[in-house]
Amino acid sequence: MEHEEAENRAEKPVTTSEAGAPEERGEGRGVDHVAPMGEERPQETRSLVEALVSQENMERAYRQVVSNHGSSGVDGMEVEELKTHLKTSWEEIKASLLSGTYRPGALRKVMIPKASGGERMLGIPTVTDRLIQQGLSQVLTPLWEPTFSEHSYGFRSGRNAHQAVEKARKYQEEGKQVVVDLDLASFFDEVNHARLMSRIMERTPGDWRLHRLVHRYLKTGILEGGLVSQREKGTPQGSPVSPLLSNIVLDELDKELERRGHSFVRYADDCNIYVKSEKSAQRVLESVSKYLEGKLRLKVNREKSKVRKASFSKFLGFSFYWNKEGRRVRISEESLRRLRQRVKEILRTGRGRSLGRVIEELNPLLRGWLNYYGKADGKNKMEELDQWIRRRLRQILWIQWKRPRTRRLKLIAAGLKEAHASQSAYNGRGHWWNAGAAHMNLAYQKSYFTHSGLLSLLEMYETSRT
């Protein structure tokens with residue numbers, strides 16, 4: 001069951017603490033209620049919450065939540081059930097949002113592997129809360145977006161990772177060949193609620209219902225082992241409003257780096273600063289780390305935050321190199337290893353299924369990966385990956401055939417002469433060796449896999465660059 005925070009239910013005037021966090025007067029123990037200090041609530045205050053629950057905003061939020069799909073929260077409700085749920089419950093939900101009494105459900109804890117090793121925690125809200133948070137993000141974004149830094153590229157409309165990488169490339173081409181690579185330790189788990197609420201209240205003065213709703217979302221506990229743990233800091237990844245809140249927090253860092261005149265690029269919590277010498281870079285790393293820890297109350301991972309030569313740096317899955325055309329972008333070796341690992345996982349589970357089914361599962365991964373990494377120089381890498389994937393698929397066929405007699409018949413059916421097929425089927429070699437041997441390459445050529453529907457990274461790459 002969700003833990004209910006003790007709170008004074010009576011509607012009383014509420015003050016704002018010096019730290020900027022909402023504070024309730026009365027008997028309640030939780031820092032939960034927010035209201036304007038005066039008797040009057042201005043019209044602009046009411047309009048923000050009314051904009052949140054407006055039909056236009058909610059319909060837009062609903063379309064976004066449904067298109068995102070996503071798994072269920074602690075209540076088990078799936079996205080497909082949301083429409084029916086809203087038909088019977090929306091008026092009650094809307095009334096509680098307008099009165100400031102709405103309480104979010106607990107978050108469902110999910111652990112996912114990190115590319116750098118270890119695991120990252122996601123907090124999955126209920127589908128209803130995803131709808132409200134999406135609407136909340138749509139209402140708040142126009143208030144901050146015009147003032148966000150031009151150096152910030154993550155989770156912003158019209159901006160993306162490719163633009164961030166291109167900006168990093170230009171800095172290097174300008175002669176800034178040393179990178180200060182800042183790594184924030186568990187950023188989403190370390191966000192200070194008081195500072196974040198202070199920033200939100202500065203931009204939305206007096207809007208007590210909005211402040212209360214955001215604050216309750218920040219405090220929403222995570223269900224684990226039947227118990228709900230209360231949150232005192234952090235904005236759990238997995239909710240629609242977290243990206244905006246993270247940008248609001250780190251906008252302070254952007255403004256500070258701009259004030260200092262630094263050349264930098266930030267994508268979410270991934271921030272690189274470009275300078276001309278290692279000596280300057282070491283000074284920047286130390287001073288910016290002190291600012292993050294002292295002023296913003298965030299933790300800097302001192303082991304992973306490094307000063308690097310730009311040629312040895314990675315940014316958003318890409319690396320950089322020089323050629324006769326200047327500074328160029330390519331796919332990092334780490335990104336290539338991750339793709340190979342993901343393909344192995346899909347193919348490992350495909351050994352008991354038809355090749356067509358395996359290819360159906362593989363294609364979306366290849367298409368999505370190419371859409372992201374196809375902007376980099378990588379024609380040779382694409383060709384190598386295509387060859388490697390086809391060999392993996394040939395390996396599945398060889399394993400599925402099991403017996404030498406079956407392998408002989410399959411090779412003959414694929415067009416090999418009987419002597420060649422017999423010699424190959426009884427060679428006693430391992431699966432991977434046979435998958436790359438001449439007999440399998442002759443029997444199952446590239447055209448076979450193309451006819452079976454397998455996408456080619458090389459062909460998609462060349463098409464995208466024409």
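In this numbering scheme, every chain counts its residues from 1 along its sequence in written order. For this predicted model, a pLDDT threshold of at least 70 governs which residues receive local features, and a threshold of 80 or more governs which side-chain atom pairs are given and counted, while totals over whole chains, interfaces and linings are taken from all residues. Hydrogens and water molecules were not included; the side-chain quantities draw on all heavy atoms of the structure.

Let us look at the overall build of the protein chain. Secondary structure summary: the protein chain contains 19 helices and 11 strands in total. In this scheme, a residue with accessible area under 20% of its type's maximum is buried, one over 50% is exposed, and one in between is partly exposed, where area comes from a 1.4 Å probe on protein chains only. Counting across all 466 residues of the protein chain, residues that qualify as buried make up 49%. Any two residues whose heavy atoms approach within 4.5 Å are treated as being in contact. Of the contacts made within the protein chain by residues no fewer than 6 positions apart, 71% connect residues no fewer than 24 positions apart. In the form shown here, the protein chain has an accessible surface area of approximately 23400 Å², with 48% of it arising from carbon and sulfur atoms. Secondary structure is summarised from DSSP: a helix means a run of H or I of at least four residues, a strand means a run of E of at least two, and numbering begins at the N terminus for each. In short, Shrake-Rupley with a 1.4 Å probe defines the accessible areas, and a residue's cover is counted only from the protein chains shown.

The next point concerns the side chain of S456. Positionally, S456 belongs in the loop between α18 (446-451) and α19 (457-464). Note on S456: relative accessible area 9%, which makes it buried.

Glancing now at helix α8 (residues 208-219). A helix's residues, less one, multiplied by 1.5 Å, set its expected span. End to end, α8 covers 16 Å across 12 residues, agreeing with the expected 16 Å (1.5 Å per residue, within 8%). The buried fraction of α8 is high, at 12 of 12 residues.

Owing to its 3.6 residues per turn, the α-helix brings residues three or four apart onto one side. The end-to-end C-alpha distance of helix α2 (residues 55-68), which contains 14 residues, comes to 20 Å, matching closely the 20 Å that a straight helix rising 1.5 Å per residue would cover. Positive backbone phi, approximately 60 degrees, marks H69, located one or two places after α2.

Strands sit in the order β9-β10-β11 across an open sheet of three strands; the sheet is antiparallel. Here the strands that pair on one side only, and so sit at the sheet edges, are β9 (314-315) and β11 (326-331). Note: two strands are recorded as paired if DSSP finds a minimum of 2 bridges between them. In this sheet, β11 lies alongside strand β10 (residues 318-323) in antiparallel orientation, the contact comprising six bridges. Note that in β11 the partner of W322 across the bridge is R327.

The next point concerns the pattern of salt bridges. One side-chain nitrogen of Lys or Arg within 4 Å of one carboxyl oxygen of Asp or Glu is enough to make a salt bridge. What the rule picks out here adds up to 28 salt bridges. Close ionic contact of E361 with R353 constitutes a salt bridge, the shortest N to O distance being 2.9 Å. Given a relative accessible area of 32%, E361 falls into the partly exposed group. Via salt bridges that share partners, R195, R199, E202, D251, E252 and K255 belong to a single interconnected network.

Our next topic: the packing of aromatic side chains. The description of two aromatic rings rests on the distance between their centres and on the angle between their planes. The rule is short: rings of Phe, Tyr and Trp, with Trp giving its six-membered ring, pair when the centres are within 6.5 Å, and they are stacked under 30 degrees, edge-to-face over 60, tilted in between. This structure, assessed with the given rule, holds 11 aromatic pairs. Plain terms: the ring middles of W401 and Y444 are 5.7 Å apart, the flat faces sit at 45 degrees to each other, and that makes the pair tilted. Taken together, the residues span a long stretch of sequence, with W401 in helix α13 (residues 379-401) and Y444 in the loop between α17 (438-443) and α18 at a distance of 43 residues. Residue classification places Y444 among the buried residues on the basis of a relative accessible area of 9%. Through a chain of ring-to-ring contacts, three or more aromatic side chains come together here, namely W398, W401, Y444, Y448 and F449. Above the ring of W432, the side-chain terminus of R391 is found at 3.9 Å from the ring centroid. Sitting over a ring, as applied to charges here, requires NZ of Lys or CZ of Arg to be within 6 Å of the ring centre and within 35 degrees of the ring normal. Lying across the ring of W433, R429 places its NZ or CZ 4.5 Å from the centre.

This brings us to the nonpolar core. We define the nonpolar core as a collection of buried residues of types Ala, Val, Leu, Ile, Met, Phe, Trp, Tyr and Cys that are connected through side-chain atoms lying within 4.5 Å of one another. L136, L253, I273 and L292 are the most contacted members of the largest nonpolar core, which has 61 residues in total. Excluding its chain neighbours within four sequence positions, the residues that come into contact with L253 are C271, V288, Y291, L292 and L296. Judged by nonpolar contacts, the second largest core, of 51 residues, contains Y274, L366, L393 and L457.

Note on geometry: axes are lines fitted to C-alpha atoms, helical ones only across the stretch in contact, with angles between N-to-C directions running from 0 to 180 degrees. Here helix α7 (residues 193-203) crosses helix α9 (residues 242-259) at 90 degrees, and the two axes come no closer than 10 Å. Taken together, α7 and α9 sit at an angle that is classed as roughly perpendicular. Across the interface between the two elements, R195, L196, R199 and I200 of α7 pack against L245, I248, V249, D251 and E252 of α9. Classifying every residue of the contact of α7 with α9 gives five nonpolar, no polar and four charged. If an angle is under 35 degrees, it is roughly parallel; if it is over 145, roughly antiparallel; if it lies from 65 to 115, roughly perpendicular; otherwise it is oblique. We call Asp, Glu, Lys and Arg charged. Ala, Val, Leu, Ile, Met, Phe, Trp, Tyr, Cys and Pro are nonpolar, and the rest, Gly among them, are polar.

On the basis of which strands lie adjacent, the open sheet formed by four strands has the order β6-β7-β3-β8 and antiparallel pairing. Strands at the two margins of the open sheet, each flanked by one partner only, are β6 (263-267) and β8 (306-309). The sheet shows a mean angle of 25 degrees between the axes of neighbouring strands, taken without regard to direction. Here strand β3 (residues 178-183) runs beside strand β7 (residues 270-275); their pairing, made up of six bridges, is antiparallel.

This part covers the confidence of the model for the protein chain. Chain-level pLDDT for the protein chain is 87 on average; 88% of the residues reach the 70-or-more range. In predicted models, pLDDT denotes the confidence assigned by the predictor to each residue on a 0 to 100 scale. β6 holds the highest mean pLDDT among the elements of the protein chain, 97, whereas strand β5 (residues 227-229) holds the lowest, 69. Every residue in residues 1-46 scores below 50 in pLDDT, and together they form 92 contacts with partners more than four places removed in sequence or on other chains.

This part is about the environment of I331. Relative to the assigned elements, I331 resides in strand β11. Linking I331 and K375, residues 44 residues apart in sequence, is a C-alpha distance of 9.1 Å. In contact with I331, not counting residues within four places along its chain, are G317, S319, L336, W369, Y373, A376, D377 and M382.

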